[in-house]
Amino acid sequence: MALLVKKFGGSSVATPEKIYHLVDRVLAEKKPDDRIVIVVSAMGDTTDDLVTLAGRVSRHMPKREMDMLLATGEQVSIALLAAAFQERGQKAVSLTGPQAGVRTNANHTKAGILEVKPDRILKELDDGNVVVVAGFQGLADTGDITTLGRGGSDTTAVAVAAGLKADLCEIYTDVDGVYTADPRVVPGARKLKEITFGDMLELARLGAGVMQPRAVEYGEHTGVDIHVRSTFHNVEGTIIRRNYTLEAEKEYVVRGVTSDVNVAKIAVRGVKDLPGVAFRIFDALAKVNIDVDMIVQSASAVPEKNDITFTCQKADMADAVGVLETLKPDMGFSRVDMEANVAKVSVVGAGMLGNPGIAAGMFGALAAKNINLIIISTSEISISCLIPRDQVEIAVNAVHDHFFPEQA
Ligand code: ADP
Ligand code: ASP
Ligand code: MG
């Protein structure tokens, strides 16, 4: 008897036909004793449409109301999925995130899961149900519904699997697994048989949208192995686990290439060259929960002044500039510039430690395509370059061809 958590993304439930496709597949693969929990996203582009709708009503949609709105998407798909199981003669019940015991902090629109209290799900399983849980949403101590940030159903699935001590967490999606680059952008990308939590987390943080980074972190902390695989093809996908087990997968330097167009560049010009200045800027941003990345300080054209440049998510750009403008009178810097037409291209892999040719290889591949590097940043297992947005596809393909020449 196995307890299985299976997550289906928006494209897997985009139409009634697709809902029945997945219901029939789950039932065909289900052994008589299996206990099955399905975590599901909103249908197709529903969440994008709700975000657009919110923007037409309010330019500064209050975050609590945004969560109230976005959580409706998943409530539609759970009801339809549970009904489809029942149509096929399988007992099933739908549960919202709050009903399923998904407890979060109150950080609206990007809440973190604190724990999953599994009692209700277990009771429904004991009653013979397939339990269909709404991804992407939970309940804060305030009593309010929250959402987990875009792609958050992945995190619901891993957290539910951990809370239930499930045997396996499967993430079903519209590609066959995790690839060396987004297979929609790089046709020659290779599917990975396995990847460690550490490498996957870095890929996800740097733009590999196939998994939400927090889901990978949650898997690592709780030891839940994750199988990323296709809803539409019945083939082995990619296992995300603590350590590599396959010799072939260990022998690599670069694990993958990613891009992220969801970034913006902000430059604070002419800040005084004094201790505490960077602290004031980044403390103010942290207090409103804005994540920053790629921080660079350089000498300004003005003597004894610096420019501090960083990137953040595009969605946070206006809020970040607003916060910085409030500091301007007191800190006396000259101005804040913002730029949304940028993208980040990265190479990732623990194997690049102590391998000095990687950075040069990446820069050379980009130079050969005449791509200008606006900011460069590195971590122990990645190198990232900020480039003009309109060159991102050429850049990812050039860097992938360089590091994975057999697929070029
Ligand atoms: P879902 O709706 O199932 O959650 P997502 O759109 O969130 O699906 O994630 C799947 C998408 O992730 C794929 O369609 C693919 O374009 C993209 N993707 C980006 N990088 C990668 C990668 N390295 N490997 C596989 N898919 C990737
Ligand atoms: N529906 C949410 C989104 O589009 C959550 C998810 O799909 O994982 O971001
Ligand atoms: Mg997703």
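Values in this document were obtained by computation on a predicted structure and should not be read as measured data.

## Regarding the site of ligand 1
Close to ligand 1 lie 17 residues; T173, D174, Y179, D182 and R184 are nearest. Within the side chain of T173, a nitrogen or oxygen atom sits 2.6 Å from an oxygen atom of ligand 1. Residue D182 places a side-chain N or O atom 2.8 Å away from an oxygen atom belonging to ligand 1. For the shell around ligand 1, the residue count by class is seven nonpolar, six polar and four charged.

## Some points on unusual backbone geometry
A positive phi angle, close to 60°, is found at N289, a residue other than glycine. Secondary-structure assignment places N289 in the loop between α9 (277-287) and β15 (292-299). Under the relative-accessibility criterion, N289 is labelled partly exposed at 41%. The residue E304 is not glycine, and still its phi comes out positive at about 60°. As for its placement among the helices and strands, E304 is situated in the loop between β15 and β16 (305-313).

## As for the sheet that holds strand β5 (residues 113-116)
Taken together, four strands build an open sheet; the order of strands is β5-β4-β7-β8 and the sheet is mixed. Edge strands, defined here as strands with exactly one partner in the open sheet, are β5 and β8 (145-147). Along the sheet, successive strands turn relative to each other by an average axial angle of 45°, direction set aside. Pairing of strand β7 (residues 137-140) with β8 involves three bridges; the strand directions are antiparallel. When the bridges of β8 are listed, Q137 appears paired with T147. In the packing of helix α3 (residues 63-87) onto the sheet, the strands contacted are β7 and β8, and the crossing angle to β8 comes to about 75°.

## Some remarks on the site of ligand 2
In the vicinity of ligand 2, the contacting residues are S41, A42, T47, E74, F136, R150, G151, G152 and S153. In this structure, an oxygen atom belonging to ligand 2 sits 3.2 Å away from a side-chain N or O atom of S41. E74 is positioned such that a nitrogen or oxygen atom in its side chain is 2.7 Å from a nitrogen atom of ligand 2. Classifying every residue of the shell around ligand 2 by side-chain character gives two nonpolar, five polar and two charged.

## Topic: helix α2 (residues 46-57)
With 12 residues, α2 should cover 16 Å at 1.5 Å per step; its first-to-last C-alpha distance of 17 Å lies within 8% of that length. Every buried residue of α2 is accounted for by T47, L50 and A54. In an axial view of α2, the angular spread of the buried residues amounts to 55°, which keeps them on one side of the axis. Turned more than 90 degrees from where α2 packs its buried face, T52 and R56 sit exposed. Packing partners of the buried residues in α2 comprise α3.

## A look at the side chain of R255
Examined against the element boundaries, R255 turns out to sit in the loop between α8 (247-250) and β13 (256-260). Among the polar contacts listed, one links the side chain of R255 to the side chain of Y244, at a separation of 3.1 Å. The residues contacting R255, other than those within four sequence positions of it, are T180, R190, L192, E194, I195, D199, Y244, E249, V348, G349 and F404.

## As for the packing of helix α5 (residues 153-164) against helix α7 (residues 213-222)
Interaxial distance between α5 and α7 falls to 8 Å at its minimum, and their mutual angle equals 15°. When the axis of α5 is compared with that of α7, the two are roughly parallel. The way α5 lies across α7 gives a crossing that is left-handed. In this structure, α5 contributes D154, T155, V158, A159 and A162 to the contact, and α7 contributes R214, A215, Y218, G219 and T222.

## Observations regarding the sheet that holds β13
With antiparallel pairing, the four strands of this open sheet are ordered in space as β13-β18-β20-β19. In the strand order of this sheet, the two ends are held by β13 and β19 (375-379), each with one partner. Looking at each pair of strands side by side, their axes are set apart by 20° on average, direction ignored. Along the sheet, helix α11 (residues 357-368) makes contact with β18 (342-348), β19 and β20 (382-388), crossing β20 at roughly 20°.

## A short note on the pairing of β13
Of all the five residues making up β13, four are buried; the element is thus mostly covered by neighbouring parts of the structure. In this structure, β13 lies alongside β18, joined through five bridges in antiparallel fashion. The partner of V257 across the bridge, within β18, is V347.

## Remarks on the state of the cysteines
Considering all chains together, one arrives at zero disulfides under this definition. Not part of a disulfide, C385 finds its nearest cysteine sulfur in C312, a span of 19 Å. Given a relative accessible area of 0%, C385 falls into the buried group.

## Structural notes on the packing of aromatic side chains
Each aromatic ring pair is specified by the distance between its two centres and by the angle formed by the two planes. Across all of its chains, the model carries two aromatic pairs by this definition. Between the aromatic rings of F8 and Y172, the centroid separation amounts to 4.6 Å while the plane-to-plane angle is 10°, which identifies the pairing as stacked. Placement of the pair is F8 in strand β1 (residues 3-8) and Y172 in strand β9 (residues 168-173), with a sequence separation of 164 residues. For F8, a relative accessible area of 2% corresponds to the buried category. With centroids separated by 5.4 Å and ring planes inclined at 75°, the aromatic side chains of F282 and F310 adopt a geometry described as edge-to-face. Here the residue F282 occupies a position in helix α9, and F310 occupies one in strand β16, the gap between them amounting to 28 residues.

Conventions used here
- Residues numbered from 1 in each chain as written.
- Chains lettered and ligands numbered in written order.
- Predicted model: local features only at pLDDT ≥ 70, side-chain atom pairs only at ≥ 80, totals over all residues.
- Heavy atoms only, no water.
- Near = heavy atom within 4 Å.
- Polar contact = N/O pair within 3.5 Å; in protein donor to acceptor, adjacent residues only side chain to side chain.
- Nonpolar A, V, L, I, M, F, W, Y, C, P; charged D, E, K, R; others polar.
- Helix = DSSP H or I, 4+ residues; strand = E, 2+ residues; numbered from the N terminus.
- Buried < 20%, exposed > 50% of the residue type's maximum accessible area, 1.4 Å probe, protein only.
- Pairing = 2+ DSSP bridges.
- Axes fitted to C-alpha atoms, helices over the stretch in contact; angles between N-to-C directions.
- Contact = heavy atoms within 4.5 Å.
- Expected span 1.5 Å × (residues − 1).
- Arc of directions from axis to C-beta.
- Parallel < 35°, antiparallel > 145°, perpendicular 65-115°, else oblique.
- Left-handed = near helix turned anticlockwise from the far one by under 90°.
- Disulfide = S-S within 2.5 Å.
- Phe/Tyr/Trp six-rings, centres within 6.5 Å; stacked < 30°, edge-to-face > 60°.

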